[in-house]
Structure formats: C-alpha cells, structure tokens
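Chain by chain, the residues run as shown.
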Amino acid sequence: MLVKRLRLEAIKWRYYLLIVFFSFLYLLFLHSKSFAEVAHQIDYRTIPFISSRNLIWIVAQVHLYFGAFVLGVPMFAVICEYIGVRTKDKKYDKLAKEFTKLLLAAFSTTATFGAVLIFSLIMFYPTFMKHISDVFYVTFGIYVLLFFGETITLYLYWYGWDTMMQRKRLHLTLGVFLNIFGTLIMMVSNSWASYMMSPTILSAELGFWDRTWTAVNNFTWQPLNIHRLISNVVFGGFIVGAYAAIKFLAASSEEEKAHYDWMGYIGNFIGIFGMLPLPFAGYWLTKEIYAYSTQMGITLMGGFLAWLFIIQAILIAVLFIGSNYYFWLGLVHRIEGGARYKRSIFIMLISIFICFAIWMTPHSMVASLEEARAMGGTHHPLLGVFGVMSAKMTVVNIAILTTFISFLLYWRANKKEAVSWLKLGKGVEYIVFAGAILYILYLGVMGYFVPAIVRIEKYSVYQVLTVLGVLLFITLLTILMQKGAHIKEEIKWGNMPERSQYVLILLAITIIWLMGLMGYARSAVRVHWHIYGVLRDTSPDAYSPSLGVACIMVSITTIVFLAFITFIFWLSHLGEKKEETTQHLVGALNSGDEK
Amino acid sequence: MIKRPSILIKAVIFLILIYTGLKLIKPPLPFSLIFMFMTISILGVLIWITIYEETMDEFFNPIVNFLAGEGLAGLKKNLRIAILIIFPLWVGFFTYSKIAPKNQPPLEARVIHPSPPIEYTGMESSVDNSEENVADGATIYYDKCIFCHGDQLDGNGAEAPAMNPPPANFRDAGTIAQLQESYLFWRIQKGSEGLPIESAPWKSAMPPFENVLTEDEIWKVIKYLYKETGHSPRTWE
C-alpha cells in the first residue's frame, strides 16, 4: 500500500519538477539573442474578459498564500516534534505529523500555482520578464536547486516519519533542512519582488557576481525577508487553527474533540504570538521604503494607499480581539474555576478595546461637507491626535502586552506554584507590567513634541524594546516560578463552546484577506512602474486600481485559496479514511486467521 | 430590596452612555467615527457577554423569549408585533436614507499628502538657518502667505473662512512636523497646479509661487515656518 502510494507520489512529483525545469530552460532561451528579439517586439499580451494584470494578480496571490502556508507550517512542525522528543509526550509527535500531512497536501498545489505564475508572466509580460531574467537569471538556477532540495527533504521527512521513529535526531535534522531550504527559496523570490520596489544601480563596471548580489541585496530585501518570514508563521498558525476548528465541529468522539481543541489552541497560539513582533517588522519595512524613496513612502502612508491602513487596522484589531476572546473562552471553559478571572478579563477587555479604538481612528476623517465644516477641516482637533504614528505605536504596544497577560493567565490557571518567593515574584511582575505601560505611554506622549527622526529612530525603538524585554523577562520569571508547581486540575480539552471554533475560522479568513490586501499595498506603491524608476508600465493597465477594486480582487483570491485548501484538506481526510478502513480490514482478516 | 438590573439593561445603559459621550464631544464627531466607535463598543459588549454561559443566557433569553417565546399576551404581545413590523421598516428606511441621492456631495476619504515628484524628493535647502534668512522668510510670509495661513501660522488667516478644506495649520503636529523640507518646497513652488493625477480631484486653493518667489526665497519661508512653530522637518539621518 505504502509502496504504491510512494510510486504515485513520485510520478506526480516528477511531473511538477519537469514543469519547473522546463520553465527554467525557457527562461534561459529567453535570455538568448533570437528569443530576446522576439520578446522585444511584443511588450504585453492580454486575454479577453479578465485582463492579464488581474490574472497575474489572482495567480500570484494564491501562490503566495500557499507559499506562506508551506513555509510557515514546517517551522512549527519541527518545533512540535522537538518538544515531543524532549518531553516524550507522543501527542506532540502526532500533532507534528498532522501538520506535515497538511504541508504535503498543500505543497504540490503551491508548485502548480508557481508554474502557472511563471508561464503567465512569460506569456503576458515578456519585456518585463526579459529585464528580470537579465538581472536575476543566476538566482533562477539557485531557486531550482533549492526547490529540489526542499522537495527531497520534504519527502524524506514525511515518508521517513515512522521508519525514523528510533532515529529522531536524524529526522529532526531533516526537518531543520526542510526549513532552511524553504526560507532560502523565500529569500530568493523576495529578492525579485523587493528589487521591483527598490532597484539598485547596476553599473557596467560591476562584475558578474557583484551585479547579481547588488540586485539581490537591495534596500527592502532584508526587511521584506523578516516580515514575510514572521507572517508565514502567523498565516500557517491561523490556517491550522481553522482546520482544527472544522475537525472539532465535525468530531464524533470526545477524544477527537479533545485532540482538535488542543490543535486549535496551538494554531491560535502560534498565530497570535507570531503576530506580536509583526508590527515591528512592518515598521522596519516601511521605514526602509521611506528611506529609499520619500515619494513611495508618502504614496503608501499618506497618499492614495493611506486609507488601506485603516482597513488594515480594523483587520489587525479583529485578529487581536479574536485571539484574546479565544484565550478567555479557554480560560473560562477549559479550566475548572475559570470564573475567578472575571475581573481580570474585564480589565483586559477594556484595555484591548480602548487600544483598538485609538488604533483605528484615522488622522483625516471621512466626513460630509457639513461635518468637515463643523470640525474646521477633516482633522478633528481633539481625536485627530490619535491618527498619527506616535499614538498608533503606543496603543499597539499596550495591546501586545495585554495579549501577553491573557496568555500568562491561561498558562498559570491550572497550576499551584510552590516557590517560596512567589509573592515577591508576582509583585515584580506587577511592577514590570505597570512600569512598562507607563513608560510606553510617556514615550508616546513625548513623541508629539520631538522631531520625527527622534520619534522614529529612538522612541519607537525604545517602545518596541520595552515590550520585547517584558515578554522575555516575564516568560523567564514565570518559568522559574513554575518550578515544582503542581497541577491543580487537568485542562479539559474539548470542553469549548462551538462559538470559539467559529472565531478560529474567522481568524483564518481575516489573515488571508489581510495578507492579500497588504500584498496589493506593496505592489501598488510602485504606481505606474513595473520596476520602480527603471521599467515603466506602458500597458493599458498602467493605473492603480481603487481600494474598492482591490478589496474585490483580494476577496476573490481569498475565496479561491479557501476553496483549494478546503479541497486539499478534504482529499487528505479521504486518504486518512481509506487508511483507517484498510487497517480495519487487515485487523479483521488477521483476527479471522487467528480463529 | 431593589432588584439588580439584568445584564441586558446594563449593556443598553452602557451603550447609551458611550453614544451620549461621543455626541457631547465638541466640535461634533463625524458620523463615520461615531459609527466606528459604536461598532467597537457593541462588539466589546457582545464579547463580554458571550464569554460566560450565564451572562449569555441572561442577555439573550429575554430577547429570544420576547421575540419567539410562547404564551406572550396583552401589551407584550402587541409590543412584539409592533417591533417585528417597525424594525424591518426602520432597516429599510435607514438603508434608503443612506443610498438615496441627496443634494449633497458624497462622503469622501480625502487623501492629505500627495506624493511629490521624484525630482523633489531628498532635495537639499540652498539656504541655512541663519537669523537673517529666517527674518527674510518672515517678511516674505507676511507679504504672501499671511492672508490664508494667518499671523499665528494656524491656518486661520483673513481669507481662510472662504476655503474648504481650510489652509494648513502649521502649528499642528500632524502637518509640517511630519514632512521633509523638500516636500514643503514642492508644495509652495507648484501649488495646487502641480498635484499628481492620482487621487484627483484634489481640493487645494494653494497658488503656485514658482513665478512669484525665487528658489532661495521659498527656502527662507520654509526656514521661518519651522523656526516660528518650533517644529523640526522630517529627516532620515
């Protein structure tokens, strides 16, 4: 059975690898003189009904969603497996394997969309592809090699899971290599996308390798790498959470319910804790965009894309509020006596909502003529102050700390600490949290009275470092305080109301939509340039779609992705059923033989 | 003994208080902002209520009983019928009032900061911060800019009431303090005529000064604006 499946998988993979290989060959031909001449004659091709840009938009975005999933999931699959090895708790190993099963199911679709994307780009944007291949053709080769590396390690990692049960170190090493290959693949493709935003000067004096490296190592490459790396983890976490939620809702036994409740909790945990450093990575990326080109920075944050950030603020608020709500539901329903946290939950709820009310307040209000006249313009003299970065950075940092407190309460809820210095430890915690929040508020207020550069280079950095410092310090302190703690009561996994599962599904849809919308922002910031300031878009599509159009397009990509991923997960579920039936039949036959 | 109000009553009182508080803010907040704050407040209330099964029952049971419960009679029954008729009508009227054409311009999400052309970004000032340059800048400001932007640099000049949106308030931390000097140079030199095509039509009455002031004179005005307001221009180093 396994051999047959392996063969089928191998045939399927050969097919995908051939597609990638021939794409690469075609690009090499494109680079040659005769093909280049042909490519020069036609700059653009289009297709009826849906413009070539819209087609590329949908294909690229869906490929990115799948890419984010297949790069994010192996990270926590390996971590889960490692925890399983360390704690000798088999449920972690089972969870890691389930993560990898989802990864394997999505991997081939990612590759397919990648191939469709490259063919579409070659077909519809030949001049652009010629420019990109002129600059990056070496990286195409590296990409193909890395892809082979990732495919082979993924195969070995998945199919060797049971065989290497006794050689876990080797298996974990494979998992680490799988992540390394995946991350490097992402970095290579990020170099193309970031070069389109912030191209570097490639002078004729530069040597072969220097030229490639200068193009790769452009101004926004590293911040984009970091930002995408973290967001892949967040994306993977929330998608896994939604998968677990659906399985929870469809569960037929208490064990199954408990398992998928636990899986959903882990998914949400990964998603939200990945979210904590994400605003800082985004801040760095935007800072680099401003530093590279003020024009581009203003288009993004003050120009026609500025309203997108209000939508982004709402979506981020949904993610934070939804995740906290899920934590609180867990605290109340899974932990015996969780009702005692009513007061704490109330304070956290108020804190989160005040933070996000400020977070979502725009600087320039949407107002009718009369309303604008009454306010003396589109800035409100009182609430308009919440619209600038100083206020936003302050509240998002406080919201992150509040989310961390939610998790801390959950972490400790079912344990009784036994250390003699418990009172002192708790006192220190209170002081650290209160001190950090006051300091963040102080920096936020002072941010209005200093030059922008001081706020950007110093105050915002101090706020971020304060939060990261608190996260680290309190985590270490809690680990020390938990030494020798005894468990008062077991967590009642599976004892969650159904609404909690719909929250997980909502979080997944929100993160997909958010990622698509921010992808539009990153792309639209180039306005009428394919490669900013270097290669102008002269096609009939050389205009920036409005936010309304972008929202519709992103919604389409979200639905397409959800449809594909649901289908893929359903297929993997079918395989699971088939395996169960076979095992059942074999078991029945064996028992018959014994008789 | 006074009966403790149910959580449904508490929630309604809480939302009314929030709404009243928002309406009391002067100058009045636009509808879009009140709508957003109220949505957040309702969401907050619903989250709080649905964390606990007891509060959820306490909140939703009276509503469900009133709308769909058995054995309702008299005034309560009539009230149910009235609400079931009035509520859909109200939703319909609200929708109609929002989408029906009005003799008013539509709401707009105005873009405040147009993107400067590439040739202006990172442009260096040709004059320094000397007292002499600042004094020259003040003279030019009082000669050319004061009528709209005002003697206090707060956008409240003699001609400001005729403009919508009003002229920029340079003392506001959200205007020139957020911008580079080169950005101001572009806006003064090109005025509304030089605004980019994206997000058009722009609403700006700013005249171009490129044929009125020399480049050095424009830089001197910029030096005066920052000196007088106490703000610093945005820099990247």
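Being a predicted model, the structure only gives us computed values, none of them experimental.

In terms of helices and strands, chain A carries 19 helices and four strands. The burial tally for chain A puts 57% of its 595 residues in the buried class. For chain A, contacts bridging at least 24 residues in sequence account for 84% of all contacts bridging at least 6. With an accessible surface of roughly 26200 Å², chain A has 70% of that area assigned to carbon and sulfur atoms.

Residues and elements named next belong to chain A. Structurally, alanine 105 can be placed in helix H4 (residues 90-124). A residue is classified by how much of its surface remains accessible, and alanine 105, at 18% relative accessible area, is buried. With 467 residues separating them along the chain, alanine 105 and serine 572 place their C-alpha atoms 6.6 Å apart.

The subject of this paragraph is the packing of aromatic side chains. Residues and elements named next belong to chain A. Applying the stated criterion across every chain yields a total of 51 aromatic pairs over all chains. Seen from their ring centres, tyrosine 44 and tyrosine 125 are 5.6 Å apart, and the 90° between their planes marks the pair as edge-to-face. Of the two residues, tyrosine 44 sits in the loop between helix H2 (33-41) and helix H3 (52-87) while tyrosine 125 sits in the loop between H4 and helix H5 (126-159), which places them 81 residues apart along the sequence. Judged by its relative accessible area of 8%, tyrosine 125 falls in the buried class. The interplanar angle of 40° and the centroid separation of 6.5 Å between the aromatic rings of phenylalanine 177 and phenylalanine 181 together place this pair among those described as tilted. Within this pair, phenylalanine 177 and its partner phenylalanine 181 are both found in helix H6 (residues 168-197), separated by four residues, close to a single helical turn. Of the residues examined, phenylalanine 181 reaches a relative accessible area of 21% and is grouped as partly exposed. Among the aromatic side chains, those forming a connected cluster through ring pairs are Tyr265, Phe269, Phe273, Phe327, Phe404, Phe407, Tyr410, Trp411, Phe433 and Trp493.

The subject of this paragraph is the environment of Asp541(A). All names here are of chain A. Looking at the secondary structure, you find aspartate 541 in the loop between strand S4 (535-536) and helix H19 (547-594). On a C-alpha basis, the gap between aspartate 541 and histidine 528 in space is 8.9 Å, while along the polypeptide they are 13 residues apart. Setting aside anything within four residues of it in sequence, one finds aspartate 541 in contact with Ser51, Ser52, Arg53 and Tyr125.

Here the focus is the packing of helix H1 (residues 7-24) of chain B against helix H2 (residues 31-51) of chain B. Residue and element names in this part refer to chain B. Interaxial distance between H1 and H2 falls to 10 Å at its minimum, and their mutual angle equals 160°. On the basis of the axis angle, H1 is roughly antiparallel to H2. Where H1 crosses over H2, the handedness of that crossing is right-handed. Along the contact surface, H1 presents Ile7, Ala11, Phe14, Leu15, Ile18, Tyr19, Leu22 and Lys23, while H2 presents Ile34, Phe37, Met38, Ser41, Ile42, Val45, Trp48 and Ile49. The residue inventory of the contact of H1 with H2, partitioned by class, reads 14 nonpolar, one polar and one charged.

Its domain assignment divides chain B into domain 1 (7-99) and domain 2 (118-229). Taking only C-alpha atoms, the centre of domain 1 of chain B and the centre of domain 2 of chain B are 48 Å apart.

On to the interface of chain A and chain B, then. The interface is formed by 59 residues belonging to chain A together with 53 residues belonging to chain B. Summing both sides of the interface, chain A and chain B together bury roughly 4900 Å²; the carbon and sulfur share of this comes to 69%. For the interface between chain A and chain B, the tally reads one salt bridge. In this structure, the salt-bridge partner of Arg499(A) is Glu53(B), at a minimum N-O distance of 3.0 Å.

A separate point is unusual backbone geometry. A cis geometry characterises the amide bond from Lys26(B) onward to Pro27(B), with omega recorded as -10°. Within the secondary structure layout, Pro27(B) lies in the loop between H1 and H2. Phi is positive for Phe49(A), close to 70°, though the residue is something other than glycine. A positive phi angle is found at Val527(A), which is not glycine, with a value near 40°. Structurally, Val527(A) is set in the loop between helix H18 (498-524) and strand S3 (529-531).

Bringing the pattern of salt bridges into the picture now. Pairing is possible between side chains that carry opposite charge, provided their charged atoms lie close to one another. Residue and element names in this part refer to chain A. With the rule as written, the count across this model stands at 16 salt bridges over all chains. A salt bridge links glutamate 81 to lysine 168; the nearest nitrogen and oxygen atoms lie 2.7 Å apart. Note that glutamate 81 is positioned in helix H3 and lysine 168 in helix H6, a separation of 87 residues in sequence. For glutamate 81, a relative accessible area of 0% puts it in the buried group. Here lysine 97 and aspartate 162 are joined by a salt bridge, their closest N and O atoms 3.2 Å apart. Taken together, the residues lysine 97 in helix H4 and aspartate 162 in the loop between H5 and H6 connect sequence positions 65 residues apart. Via salt bridges that share partners, Glu81, Asp93 and Lys168 belong to a single interconnected network.

A few words now on the nonpolar core. The biggest cluster of nonpolar side chains holds 202 residues, and the ones touching the most others in it are Phe69(A), Phe99(A), Phe235(A), Ile345(A) and Phe356(A). Looking at this core element by element, the count peaks at 17 residues for helix H12 (residues 308-333) of chain A. Apart from the residues within four sequence positions on either side, Phe69(A) is in contact with Pro74(A), Leu102(A), Leu103(A), Ala106(A), Phe235(A), Gly236(A), Ile239(A), Val240(A), Ile565(A) and Phe569(A). Membership of the second largest hydrophobic core comes to 29 residues, among which are Ile298(A), Ile140(B), Ile188(B) and Leu225(B).

Moving on: H4(A). Two residues of an α-helix separated by three or four positions point the same way, owing to the 3.6 residues in each turn. All names here are of chain A. Between its first and last C-alpha, H4 extends 51 Å over 35 residues, near the 51 Å set by a 1.5 Å rise per residue. Maximum bend of H4: about 30°, positioned at alanine 106. For H4, a buried count of 26 out of 35 residues is recorded, marking the element as mostly surrounded by other parts of the structure.

With respect to the helices and strands, Asn190(A) occurs in helix H6. When its relative accessible area of 0% is taken as the criterion, Asn190(A) is described as buried.

It is worth spelling out the packing of H12(A) against helix H15 (residues 389-412) of chain A at this point. Residues and elements named next belong to chain A. Between H12 and H15, the least distance of the axes is 9 Å, while the angle of their chain directions is 20°. When the axes of H12 and H15 are compared, the pair comes out roughly parallel. Remark: the crossing between H12 and H15 carries left-handed chirality. Contacts from Phe320, Asn324, Phe327, Trp328, Gly330 and Leu331 of H12 reach H15 at Ile400, Thr402, Thr403, Ser406, Phe407, Leu409 and Tyr410.

Parameters and conventions
Residues numbered from 1 in each chain as written. Chains lettered and ligands numbered in written order. Predicted model: local features only at pLDDT ≥ 70, side-chain atom pairs only at ≥ 80, totals over all residues. Heavy atoms only, no water. Helix = DSSP H or I, 4+ residues; strand = E, 2+ residues; numbered from the N terminus. Buried < 20%, exposed > 50% of the residue type's maximum accessible area, 1.4 Å probe, protein only. Contact = heavy atoms within 4.5 Å. Areas by Shrake-Rupley, 256 points an atom, 1.4 Å probe, with all protein chains shown as cover. Phe/Tyr/Trp six-rings, centres within 6.5 Å; stacked < 30°, edge-to-face > 60°. Axes fitted to C-alpha atoms, helices over the stretch in contact; angles between N-to-C directions. Parallel < 35°, antiparallel > 145°, perpendicular 65-115°, else oblique. Left-handed = near helix turned anticlockwise from the far one by under 90°. Nonpolar A, V, L, I, M, F, W, Y, C, P; charged D, E, K, R; others polar. Domains from an automatic or database assignment. Buried area = accessible area lost by both parts, 1.4 Å probe. Salt bridge = Lys/Arg side-chain N within 4 Å of Asp/Glu carboxyl O. Core = buried A, V, L, I, M, F, W, Y, C linked by side-chain atoms within 4.5 Å. Expected span 1.5 Å × (residues − 1). Bend = angle between axes of the 7 residues up to and from the residue.

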